[in-house]
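Read off the chains here:
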Amino acid sequence: MAANPSNQYLKVKKRHPDLLNALEALGKATKQEGPLDEKSAQLIQLAAAAAIRSEGAVHSHTKRALEAGASAEEIRHTLILLTSTLGFPCVMAALSWADEKIETFQSSEPDWEV
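All values derive from a computational prediction rather than experimental measurement.

## Structural notes on a nonpolar patch on the surface
Moving on, step 1. On the surface, a cluster of nonpolar side chains totalling about 300 Å² of accessible area is made up of Leu19, Leu23 and Leu26.
Moving on, step 2. Position of Leu26 among the secondary structure elements: in helix H2 (residues 17–32).
Moving on, step 3. Taking relative accessible area as the criterion, Leu26 reaches 52% and is therefore assigned exposed.

## A closer look at the pattern of salt bridges
Moving on, step 1. Under the definition given, this model contains 4 salt bridges.
Moving on, step 2. Of the charged contacts in the structure, one is a salt bridge between Glu24 and Lys13, with a shortest N-O distance of 3.0 Å. Pair noted here: Glu24 is in helix H2 and Lys13 is in helix H1 (residues 7–15), with a separation of 11 residues, a long-range link.
Moving on, step 3. In this structure, Lys39 engages Glu74 in a salt bridge whose closest nitrogen and oxygen atoms are separated by 2.9 Å. Of this pair, Lys39 sits in helix H3 (residues 38–51) while Glu74 is found in helix H5 (residues 72–80), placing the two residues 35 residues apart along the sequence.
Moving on, step 4. Given a relative accessible area of 24%, Lys39 falls into the partly exposed group.

## So, unusual backbone geometry
Moving on, step 1. Despite not being glycine, Arg53 shows a phi value in the positive range, around 55 degrees.
Moving on, step 2. Note that Arg53 resides in the loop between H3 and helix H4 (55–67).
Moving on, step 3. According to the relative accessible area criterion, Arg53 is exposed, its value standing at 55%.

Cut-offs applied
Residues numbered from 1 in each chain as written. Predicted model: local features only at pLDDT ≥ 70, side-chain atom pairs only at ≥ 80, totals over all residues. Heavy atoms only, no water. Patch = residues over 30% accessible without salt bridge, like charges linked within 9 Å, V, L, I, M, F, W, Y side chains within 5 Å. Areas by Shrake-Rupley, 256 points an atom, 1.4 Å probe, with all protein chains shown as cover. Salt bridge = Lys/Arg side-chain N within 4 Å of Asp/Glu carboxyl O. Helix = DSSP H or I, 4+ residues; strand = E, 2+ residues; numbered from the N terminus. Buried < 20%, exposed > 50% of the residue type's maximum accessible area, 1.4 Å probe, protein only.

See the structure below:
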């Protein structure tokens, strides 16, 4: 789980603690199964989030990638690399979602995402 989960995540966890605990355990187990570092794992998950066009997941994995040490340039390059696979409109949407998180992260303002 992220260090600072969104308010929506916390609401769902309060309503369904067993489900969210199981999902968190699954996430932890999958990361422990291989040699990738946290930054690489978050960049891969960011690409997958863009592929399914999930704005919330792009926000979440952008934030997690930044927290894991990824630069804004690495995040943007991760998404630009998807252009020939996903198409320009999908990549542009993902870049706009990622930029929202990058700007929030860089400005050190509170993250009020729900």
